[in-house]
Each structure stands twice: as C-alpha cells, then as structure tokens.
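Overview (structure and organization)
Take a look at the letters that make up each chain.
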There are 2 protein chains.
Amino acid sequence: MQDSAALAALRRKAETLRALHHGPEPLLLLNAWDAASARVVESLGFPAIATTSSGVANALGYADGERLSREEMLAAVARMVRAVAVPVTADLEAGYGAGTQAVVATVRAAVNAGAAGCNLEDARNGALLPLKAALARVQAARAAAEAAGVPLVINARTDAFHPGYFQGDACTEAVRRANAYREAGADCLFLPFVSDAATIGRLVKAVHGPVNILAGANTPPLAELKKLGVARVSVGGALARAALTAIRQVAEELQATGSFDFANRIISHAEMHALLTSKPH
Amino acid sequence: MQDSAALAALRRKAETLRALHHGPEPLLLLNAWDAASARVVESLGFPAIATTSSGVANALGYADGERLSREEMLAAVARMVRAVAVPVTADLEAGYGAGTQAVVATVRAAVNAGAAGCNLEDARNGALLPLKAALARVQAARAAAEAAGVPLVINARTDAFHPGYFQGDACTEAVRRANAYREAGADCLFLPFVSDAATIGRLVKAVHGPVNILAGANTPPLAELKKLGVARVSVGGALARAALTAIRQVAEELQATGSFDFANRIISHAEMHALLTSKPH
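Everything numeric in this text was worked out from a predicted model, so none of it was measured.

Rules used throughout
- Residues numbered from 1 in each chain as written.
- Chains lettered and ligands numbered in written order.
- Predicted model: local features only at pLDDT ≥ 70, side-chain atom pairs only at ≥ 80, totals over all residues.
- Heavy atoms only, no water.
- Pairing = 2+ DSSP bridges.
- Helix = DSSP H or I, 4+ residues; strand = E, 2+ residues; numbered from the N terminus.
- Disulfide = S-S within 2.5 Å.
- 1 Å grid on protein atoms, 1.4 Å probe; cavity = no way out; pocket = protein on both sides within 12 Å on 5 of 7 lines; lining within 4 Å.
- Points joined across faces, edges and corners; volume = space filled by probe spheres on them.
- Least-squares fit on C-alpha atoms with pLDDT ≥ 70 in both.
- Contact = heavy atoms within 4.5 Å.
- Core = buried A, V, L, I, M, F, W, Y, C linked by side-chain atoms within 4.5 Å.
- Buried < 20%, exposed > 50% of the residue type's maximum accessible area, 1.4 Å probe, protein only.
- Buried area = accessible area lost by both parts, 1.4 Å probe.
- Salt bridge = Lys/Arg side-chain N within 4 Å of Asp/Glu carboxyl O.
- Polar contact = N/O pair within 3.5 Å; in protein donor to acceptor, adjacent residues only side chain to side chain.
- Nonpolar A, V, L, I, M, F, W, Y, C, P; charged D, E, K, R; others polar.
- pLDDT = per-residue confidence, 0-100.
- Expected span 1.5 Å × (residues − 1).

As a further point, take the sheet that holds strand 7 (residues 153-157) of chain A. Residue and element names in this part refer to chain A. Across the sheet, which stays open at both edges, the 8 strands sit in the order 1-10-9-8-7-4-3-2 with parallel pairing between neighbours. In this open sheet, the two edge strands, each paired with only one partner strand, are strand 1 (27-29) and strand 2 (49-50). Where strand 8 (residues 188-190) meets strand 9 (residues 211-214), 2 bridges bridge the pair, whose relative direction is parallel. For Phe190, the partnering residue across the bridge sits in strand 9 and is Asn212.

The subject of this paragraph is the state of the cysteines. Residue and element names in this part refer to chain A. Applying the stated criterion across every chain, the model contains 0 disulfides over all chains. Note on Cys171: no disulfide assigned, nearest cysteine sulfur contributed by Cys188 at a separation of 17 Å. The thiol of Cys188 is unpaired, and the distance to the nearest cysteine sulfur, on Cys118, comes to 11 Å.

Residue and element names in this part refer to chain B. Across the sheet, which stays open at both edges, the 8 strands sit in the order 1-10-9-8-7-4-3-2 with parallel pairing between neighbours. The sheet terminates laterally at strand 1 (27-29) and strand 2 (49-50), the two strands that pair on one side only. Summarising the sheet, strand 7 (residues 153-157) and strand 8 (residues 188-190) pair through 3 bridges and their orientation is parallel. Bridge assignment links Asn155 to a residue of strand 8, and that residue is Cys188.

In this structure the tally under the stated criterion is 8 cavities of 30 Å³ or more. Lining the largest cavity are 17 residues, with Leu60(A), Arg79(A), Ala59(B), Leu60(B) and Arg79(B) sitting closest to its centre. For the lining of the largest cavity, the secondary structure elements donating two or more residues are helix 3 (53-59) and helix 4 (70-83) of chain A together with helix 3 (53-59) and helix 4 (70-83) of chain B. The element that contributes the greatest number of residues to the lining of the largest cavity is helix 4 of chain B, accounting for 3 residues.

Before going further, it helps to examine the relation of the copies chain B and chain A. Least-squares fitting of chain B to chain A yields an RMSD of 0.0 Å, with the transformation described by 0.0 Å of translation along the axis and a rotation of 180°. Within this description, the copies of the chain are treated as partners about a two-fold rotation axis. Closest approach to the rotation axis within chain B is made by the C-alpha atom of Ala243(B), at a distance of 2.1 Å. Taken together, the interface assignments show that 100% of the residues at the interface of chain B recur at the interface of chain A, consistent with an identical surface on both copies.

This part covers the nonpolar core. Within the largest apolar cluster, 210 residues are counted, with the highest numbers of intra-cluster contacts made by Leu30(A), Phe260(A), Leu30(B) and Phe260(B). With residues near it in sequence (within four places) discarded, Phe260(A) still touches Leu254(A), Leu28(B), Ala215(B), Gly216(B), Ala217(B), Thr219(B), Pro220(B), Pro221(B), Leu222(B), Leu225(B), Val233(B) and Val235(B).

Moving on, we come to the environment of Leu131(A). Its place among the elements puts Leu131(A) in helix 6 (residues 131-148). Beyond its immediate stretch of four places on either side in the chain, Leu131(A) contacts Arg176(A), Arg177(A), Ala180(A) and Tyr181(A).

Let's shift gears to the interface of chain B and chain A. Counting from both sides, the interface comprises 60 residues of chain B and, opposite them, 60 residues of chain A. Of the roughly 5,000 Å² buried where chain B meets chain A, counting both sides, 72% is carbon and sulfur surface. Considering only the surface of chain B that becomes buried against chain A, Ile247(B), Arg248(B) and Phe260(B) emerge as the three largest contributors, covering 14% of it. Summed over the shared surface of chain B and chain A, the number is 2 salt bridges. For Glu271(A), the salt bridge is made with Arg248(B), and the minimal N-O distance between the two is 2.7 Å. The tally of links from chain B across to chain A stands at 14 residue pairs in polar contact (both at pLDDT 80 or more). Looking at the side of chain B that touches chain A, the elements with two or more residues in it are helix 2 (35-43), helix 3, helix 9 (222-227), helix 10 (238-257) and helix 11 (269-277) of chain B. At 13 residues, the largest contribution of residues to the side of chain B that touches chain A is made by helix 10 of chain B. Residues of the side of chain B that touches chain A, tallied by class, amount to 38 nonpolar, 14 polar and 8 charged.

All names here are of chain A. Examined against the element boundaries, Arg177 turns out to sit in helix 7 (residues 170-183). Judged by relative accessible area, Arg177 falls into the buried class, the value being 4%. Polar contacts involving the side chain of Arg177 include one to the side chain of Asp122, which spans 3.2 Å.

With 99% of its residues at a pLDDT of at least 70, chain A reaches an overall mean of 97. Two numbers describe this predicted complex: its pTM, 0.98, and its ipTM, 0.97.

It is worth spelling out the environment of Gln139(A) at this point. Residue and element names in this part refer to chain A. Structurally, Gln139 is set in helix 6. Residue class for Gln139 comes out partly exposed when judged on its relative accessible area of 45%. Each C-alpha atom of the pair Gln139 and Tyr181 lies 8.2 Å from the other, and the pair is 42 residues apart in sequence.

Right, let's talk about helix 6 (residues 131-147) of chain B for a bit. Residue and element names in this part refer to chain B. Between its first and last C-alpha atoms helix 6 spans 24 Å; for 17 residues at 1.5 Å apiece the expected length is 24 Å, and the two agree. Burial in helix 6 covers these residues: Leu131, Ala134, Arg137, Val138, Ala140, Ala141, Arg142, Ala144 and Ala145. In the core, the buried residues of helix 6 are packed alongside helix 1 (4-19), helix 5 (100-113), strand 4 (117-121), strand 5 (123-124), strand 7 and helix 7 (170-183). Just downstream of helix 6 lies Gly149, where phi reads positive at about 85°.

Quick look at the environment of Ala127(A) now. Residue and element names in this part refer to chain A. Residue position: Ala127 is located in strand 6 (residues 127-128). Expressed as a C-alpha distance, the spacing of Ala127 and Gln167, which sit 40 residues apart in the sequence, is 9.8 Å. Ignoring any residue separated from it by four or fewer positions in sequence, one finds Ala127 in contact with Asp122 and Tyr165.

Moving on: unusual backbone geometry. All names here are of chain B. Positive phi, close to 60°, is recorded for Tyr96, a residue that is not glycine. Relative to the elements of secondary structure, Tyr96 occurs in the loop between strand 3 (88-91) and helix 5. Its identity is not glycine, yet Phe193 carries a phi of approximately 70°, on the positive side. Mapped onto the secondary structure, Phe193 falls in the loop between strand 8 and helix 8 (197-206).

Now for the pattern of salt bridges. All chains considered together, the criterion is met by 28 salt bridges over all chains. Linking Glu25(B) and Lys226(B) is a salt bridge whose minimum nitrogen-to-oxygen distance equals 2.8 Å. Here Glu25(B) is found in the loop between helix 1 and strand 1, whereas its partner Lys226(B) is found in helix 9, with 201 residues between them in sequence. A relative accessible area of 38% places Lys226(B) in the partly exposed class. One salt bridge in this structure joins Asp159(B) and Arg157(B), with 2.9 Å as the shortest N-O distance. The same class applies to Asp159(B) and to Arg157(B), which are both buried. Salt bridges sharing common partners tie together Glu15(A), Arg18(A), Arg142(A) and Asp187(A).

This is the structure:
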C-alpha cells in the first residue's frame, strides 16, 4: 500500500498524465522496458513514460503475451516508477486473467507499484472477448482505481484490427468497442494495428475520446497523425528492439573492422551514473 | 540447489568456457545485461555470454558499484542463464561483502544460478584490498566452487590500474596480484583500465595465465590484442550503453523528421518471439 503522501503524489501524476492527452500536441510515448531505458527516455524531455509489455517480457526472458506473471510485470513497472519522476503508464496486457477479479487484482497492484495509468486489452488467447465481458473488465478497472483512491488513466485497447482476431468489419467493431469502453470509464482508446491515414482519420472522428495509435514502420509521420487528431502515439516494443539491434550493429562493426570505436559514440558510464543517482524529484 | 543432471551440464559448460581461454583466437565477449540481450548475443554466434554488472544494475534502476543486492544480481544472472544454451560467466563485482564468507555465499549463489564462470574484483570502497585479504577471497571462491562440484572459471580482477585505487607502479602491482591470484586458483586474470598496447604486451608476458582486457574507446583493435597474446576481451557495460544510445538516436530522428522509419531497421517482433521460444538446448 502507498502512504498518504505517496498516494497524493500519484493522484497528481495521474492528472498530469490525463492532461497530456488534451494538449496542443499529440502525447508521444517512447515505451521503456527497464529502469535504465525509462530514465534515459525521461532525460530526453519526454513528459511521461509508457512501458512495453513485450520489451519487459523479453528482458526477463519471456516471449510476448502474458507468459510472465502479474507479479513479474508489476515488479518491472515498480522499478521504472522508482527510476523516474514523470508519470508512468503500465502496459498490463489483458490483465493477467480472464475475469474481472483478475483485472481488479492487476489494477490494485499497478497502483501499489506507482503506475499513473495503464493499458488494458480486450483479447485473450487469440480472439476478442465478448463485448459484455470486455466492458465489465473496463468497469472493474475503473472501480478498482477509484477504490484505491487514484484517478488512473485507463487506456482501453481493442484488438479488432489484430490480424485474425475478428471476422467482420474491423473499423465498425473498433469504433463500437472504443465508444463502449469510453462510456465504461476509459480515458483513452488504444487502436493498434492501424497505419492507414484515412482509416485513422475515420476512427478519430467516430470515437468519442482521445485515440492512441501504435506507431510502426508504415505509420504516417507525427505531423500527419496530429492533423488527423490522434491524441497519443506510442511505439510498443519497437524502441526495445531498436536497442537490441545495437548489439547486432556492434557485432557487425567488430567483425568488419576489429575496432572498438563504437565505444566513442555511446552514452558514457559517467552519464548513466549521473542519471541513476540524480532522480529529479 | 541444482539436481545431478543440471550439475553435470554445468560442469561441462565450465570446461567449455575454460577451453575458450586457450583457443587460437581471443575469447571475445559482448557483455549482456538481461535475458533478451543475452539471447541476441548468443544468436550472433558468440560461444559464451559474459554479464555486465553496470548494465544489470542500471537496468534494475541502480548506479554501478554493488548498490544492488547479491540476490538481485544473481536473479538477473539466472534469467540470462535460462535464456541461453552457451556458458554464462557472471560479473559478481567484489562479491557483495568484504570477507571470505561473503565471497563463499556469492559463489554458491552463482553456481545455483547456473553460472559457469565469474568475475571477482580486489577493490572495495575505492581502494585495493590488502593482497593477503584479496588472495584469501580468491581461495575461498575456488573452494566454494569445488564444494559445489563445479569447476567454475574464476576471472580474478585486479583494479591496480583503476584511477586513484593504487599509489605506486600499477603495472608491477597488477602483475604481482595477477600471479598471486593465479596461484590461488584463478583461471583468468582481468586487468581493466589498460589500453596502451605496449603495457598490455608487458602484462601478458609477465602474468602466468590467460589475461582478460576490457575493450573501450582507446583499446587497440582485436587483431592487435590477439598478437599481444590477450586471451579474453570483454566490453563491460559498453554494449548496454550502446543499446541505450539507440533511444537517443530514435528520439533525434523522430524530432528531426517526425518519421517512424527506425522501425524498418530493427529486429522484428517475430524474430524476438522466435529467439525466446526456441532456446537451442
């Protein structure tokens, strides 16, 4: 449990995070996977940290998709929260259990870990949950956050666009679900696996709340997403995989040249030391 | 505790790792900091994984230098061991305690975590330990490994060259200590903070055992280190910091272009999934 001062601070962080969904610019989130990455992202001036469930899972030795336990995920979230001063929103996958009780336990644990926001998905085992069940889960998340005394920023994700998860018109289903989740207490609606500008524009118009787009290789540039009215842009596990790609680049350079010149082009030991001993609270 | 089959497998890994110090090429180690990085390094064909204590510490939210607990460090080592099939050698700093009992507890925990080798430093709190105390610690590490039934590859590090840790001729002191640690049961002698080729050559000649050099920005290229007779080359926390530097690069590209094109140039989600679900045992 959080003491009352910590709880008050967390309430303020949640309100700060919520306001970032309604600013003049889209909220751009470079998702972190551990404490070091979170602190580096914060040091670059980003006003909030989102976590990536795939990045956290991979770092701990698991493939993506709730193969790690709720406890492992929340312990990773807590480490990121401790490393930074800005609000942290935690990717909690589908809540680590099918029913509303699992969601309640996960949201409670997220608040205890110091998360100011969370993602909650509406698919399990390769298929969308029935809308009624998915709605009950969003309601349960909101109620659990309220009971914990924190206006948690709930980012409700629908996987209507996930290849193979839904048979039918994904756009219609995504809008139906997003609006239902908004009614049920979600603050933001996360619609991943959409990169077509026209579709994004249609979704933003039809959804009655801030829309989060997952940016990937084919996503329109940030300025176009802004024009389309996107409120929040995140990169999922891509930043974590960009970091792992540096390993390949170093190995290739070493193999090609035998030189350790890469060490001249990286964040120094002293910089990381300073970042991790000077949390700007 | 390890069961007898696991113990037999760990013995073989330790012998494999030991033999890599006596091959035709220097043993090149790209130090990993979590399970994902270990698995990526292994996938590139490296025959062993070394861990980086600073990288592990940073990932968990700590600055370098035994700020995290023995338990946290060994839990991270265990995650890396589980993620790969090749031998893992663990950077155990100065053993998480001053006396021989701390070293014994740390080596036991390393064997239980599945480490085939370890680094052990001879400095604490910014100064070299007296030689007698440092020697007793190497002997205690060897005895603890033998008691656990594993021919652990002990990489004894002397910090004689660490700026400010020793007043006097660092080269003479490093050789004296390295040879004493070798006599006490060390398999390899780690002499970081030396990048001058002539000095490296002198050290390799004077030390009666395999020498490990820490490669950094000013280190001679790999081919020259080989000519100088260096048996093992590792990069410490540099690879972890190269990975974190990718965050800056992505942020700068996004700021300059608004484009998410970086996602076209990275390890894919499917590749990471395959790596983490197909441990090549």
